[in-house]
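Observations on chain architecture
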Amino acid sequence: MTITISPSILNCDVLDLRCELEKIADADFAHVDVMDNHFVPNLTWGLPVVEQIVKSKVLPVDAHLMIEDADRWAPAYAEVGCASVTFHAEAAGAPIRLAREIRAQGAKAGLALKPSTGIEPYVDLLHEFDMILVMTVEPGFGGQSFLDSMLPKVQRTRRAAIRTGVDLAIQVDGGVSRSTIEACAEAGADVFVAGSAVFNAEDAAAEVAELRRLATDACAH
Ligand code: DX5
Ligand code: ZN
């Protein structure tokens, strides 16, 4: 399994965004959290800022949309060039149609699940997605504690992908750090979002490398 590291820029120094992106240039993606203050009680940036990050070309953008009415807004994130666009199952009226629209724009389509949303209703739809995002905190803020109770969901998602023969990435987001990444990899995750672990580290690039090493070793066992 190839390990993918996607640091979240949620809590980086936004006044120095290009420099912050360059610090994590050895990562695979920049994870960009879009929050609308309705789906989650926090507000970040929208399409124009995300488009600028895409245009900076420092890293491909992994957009995580924590917004209501994903059906209305998500395709535009693919259109402006995000490499992957992940919307929440709880915010999409027609997730299959939406995933197809995102893929038609040439982006990967991801489905995110809040901690209390199960994978079971989506098992027959896995082939419509490139990635399932299992939230390991309640969405909305960086710096929260990792929810161990999400690991069985990661395992069930990986087993369902294997059983149905779908080539599926499984992303974990929230509280991912040196102390939690191995358990996530052992459970079957292969895409790791880390915000505070990377941007609070003395050396963000070294932290990305260390997280990659820990996840790769855990997968090898
Ligand atoms: C939270 C966001 C995360 C957040 C992760 O809702 O989706 O991407 O930035 O931050 P940490 O790694 O600090 O939990
Ligand atoms: Zn996120």
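Heads up: the structure comes first, above all this text.
Because the structure is predicted, anything quoted here is derived from the model rather than measured.

**Here's the deal with unusual backbone geometry**
Phi angles above zero are rare outside glycine, and K57 is one such case at about 60°. Tracing the backbone through its elements, the reader meets K57 in the loop between α2 (47-56) and β3 (61-66). By relative accessible area, which is 71% here, K57 ends up exposed. With a phi angle near 50°, D69 is a residue other than glycine that sits in the positive phi range. Inspection of the secondary structure puts D69 in the loop between β3 and α3 (70-79).

**Details of the pairing of β3**
Judged by how many residues are buried, β3 sits mostly within the fold: six of six residues are covered. Side-chain alternation along β3 places V61, A63 and L65 on one buried face and D62, H64 and M66 on a second face that is also buried. Here strand β2 (residues 30-35) pairs with β3 via six bridges, running parallel. Each bridged residue has a counterpart across the sheet, and for V32 the counterpart in β3 is A63. For the crossover that starts at β2, traverses α2 and ends in the parallel β3, the hand is right-handed. Strand direction decides the pairing type here: β3 and strand β4 (residues 84-88), joined by four bridges, are parallel. Bridge assignment links H64 to a residue of β4, and that residue is T86. A crossover links β3 with its parallel partner β4, the connecting element being α3, and its sense is right-handed.

**Focus on the packing of aromatic side chains**
Per the counting criterion, the structure on display carries one aromatic pair. Ring centres of F87 and F129 lie 6.1 Å apart, and the angle between their planes is 55°; on these two criteria the pair is classed as tilted. Here F87 is found in strand β4, whereas its partner F129 is found in the loop between β5 (108-113) and β6 (131-135), with 42 residues between them in sequence. With a relative accessible area of 1%, F129 lands in the buried category. Geometry around W73 places R72 over its ring, the cationic atom sitting 3.9 Å from the centre. The ring of F39 carries K114 above its face, with NZ or CZ at 5.1 Å from the centroid.

**Considerations on the pattern of salt bridges**
Applying the stated criterion across every chain, the model contains 10 salt bridges. The salt bridge partner of R103 is D130, with a shortest N-O separation of 3.1 Å. Of this pair, R103 sits in helix α4 (residues 95-104) while D130 sits in the loop between β5 and β6; the two residues are 27 residues apart in sequence, bridging distant segments of the chain. According to the relative accessible area criterion, D130 is buried, its value standing at 19%. Members of the salt-bridge network, linked through shared partners, are E210, R213 and D217.

**A look at the nonpolar core**
The tendency in soluble globular proteins is for nonpolar side chains to be buried side by side. In terms of nonpolar packing, the biggest core is built from 79 residues, with I9, I24, C82, V85, I102 and F192 touching the most fellow members. With six residues, helix α8 (residues 204-220) is the largest single contributor of residues to this core. What I24 contacts, discounting residues up to four positions off in sequence, is P7, I9, A30, L59, V198, F199, A204 and V208.

**Notes on the coordination of the zinc ion (ligand 2)**
The coordination sphere of the zinc ion (ligand 2) contains the protein donors H31 (NE2), D33 (OD), H64 (ND1) and D173 (OD), at a distance range of 2.1 to 2.3 Å. Geometry at the zinc ion (ligand 2) is octahedral, judged from its six donor atoms and the angles of 71 to 171° they form at the metal. Donor residues for the zinc ion (ligand 2) sit on one chain with the sequence pattern H-x1-D-x30-H-x108-D. Taken as a pair, D33 in strand β2 and D173 in strand β7 (residues 169-173) lie far apart in primary sequence, 140 residues in all. Owing to a relative accessible area of 8%, D173 belongs among the buried residues under this scheme.

Analysis parameters
Residues numbered from 1 in each chain as written. Chains lettered and ligands numbered in written order. Predicted model: local features only at pLDDT ≥ 70, side-chain atom pairs only at ≥ 80, totals over all residues. Heavy atoms only, no water. Helix = DSSP H or I, 4+ residues; strand = E, 2+ residues; numbered from the N terminus. Buried < 20%, exposed > 50% of the residue type's maximum accessible area, 1.4 Å probe, protein only. Pairing = 2+ DSSP bridges. Right-handed = clockwise from strand over helix to strand, strands pointing away. Phe/Tyr/Trp six-rings, centres within 6.5 Å; stacked < 30°, edge-to-face > 60°. Lys NZ or Arg CZ within 6 Å of the ring centre and 35° of its normal. Salt bridge = Lys/Arg side-chain N within 4 Å of Asp/Glu carboxyl O. Core = buried A, V, L, I, M, F, W, Y, C linked by side-chain atoms within 4.5 Å. Contact = heavy atoms within 4.5 Å. Donors = N, O, S within 2.8 Å, 3.2 Å for Na, K, Ca; no water. Tetrahedral: all angles 85-135°; square planar, octahedral: opposite > 155°, others 65-115°.

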